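The chain contents come next:
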Amino acid sequence: MFIRPRRGLSHQHVGSVHGADADMAIANARDLYTRRGDPVSIWVVRSDAVRASSPGEKDPFFSNGADKPYRYPQMYVPLNEADAHDE
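Since the model is a prediction, treat every value here as computed from it, not as a measurement.

(A) Broad picture of the pattern of salt bridges. Inspection of the entire model under this criterion finds two salt bridges. Across the pair Arg 30 and Asp 31 runs a salt bridge whose closest N-O atoms are separated by 3.1 Å. For Asp 31, a relative accessible area of 41% puts it in the partly exposed group. One salt bridge connects Asp 48 with Arg 46, and the closest N-O pair in it is separated by 3.2 Å. A relative accessible area of 61% places Arg 46 in the exposed class.

Written out as C-alpha cells, the structure is:
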C-alpha cells in the first residue's frame, strides 16, 4: 500500500492491507493509514503482482554501478573548492 502525502511528492510505502476486492482494499487503506495528514492519493497492489529482487541477487543485479563512478558525489569537487583550485 502506497500513499502520496502531498502534491509534488512521490508515493511512499506505508504498510499492508487486506480486502476481498480492490475497492475494499482501498477503503481499508483509507481507514487505516489516512487518519493523520492530508493524503492526495492511495495505491493498493496485489502482492502477487509485485516483482522484487532478492538479497541473494544483490551482487550480480547491482554490480554495474561500480564501473560508473560519476554517479557518486564523492567524484566531484564542490563548486566553492573548485574556484579555489582555479586560482
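Okay, back to it.
(B) Just the side chain of His 11, in detail. Tracing the chain through its elements places His 11 in the loop between β1 (2-4) and β2 (12-13). A distance of 2.6 Å separates the side chain of His 11 from the side chain of Ser 41, its partner in a polar contact. If we ignore the near neighbours within four places in the chain, the residues touching His 11 are Phe 2, Ile 3, Arg 4, Ser 41 and Trp 43.

(C) Main features of the sheet that holds β1. In spatial order, the strands read β2-β1-β3; together these three strands make up an open sheet with antiparallel pairing. Lying at the two open borders of the sheet, with one neighbouring strand each, are β2 and β3 (41-43). Here β1 runs beside β3; their pairing, made up of three bridges, is antiparallel. Each residue of the ladder has a partner; that of Phe 2, found in β3, is Trp 43.

(D) The confidence of the model for the protein chain, seen in detail. For the protein chain, per-residue confidence averages 80 on the pLDDT scale, and 82% of positions sit at 70 or higher. Per-element confidence in the protein chain ranges from a low mean pLDDT of 63 for helix α3 (residues 79-86) to a high of 91 for helix α1 (residues 22-33).

Thresholds, definitions, all that
- Residues numbered from 1 in each chain as written.
- Predicted model: local features only at pLDDT ≥ 70, side-chain atom pairs only at ≥ 80, totals over all residues.
- Heavy atoms only, no water.
- Salt bridge = Lys/Arg side-chain N within 4 Å of Asp/Glu carboxyl O.
- Buried < 20%, exposed > 50% of the residue type's maximum accessible area, 1.4 Å probe, protein only.
- Helix = DSSP H or I, 4+ residues; strand = E, 2+ residues; numbered from the N terminus.
- Polar contact = N/O pair within 3.5 Å; in protein donor to acceptor, adjacent residues only side chain to side chain.
- Contact = heavy atoms within 4.5 Å.
- Pairing = 2+ DSSP bridges.
- pLDDT = per-residue confidence, 0-100.

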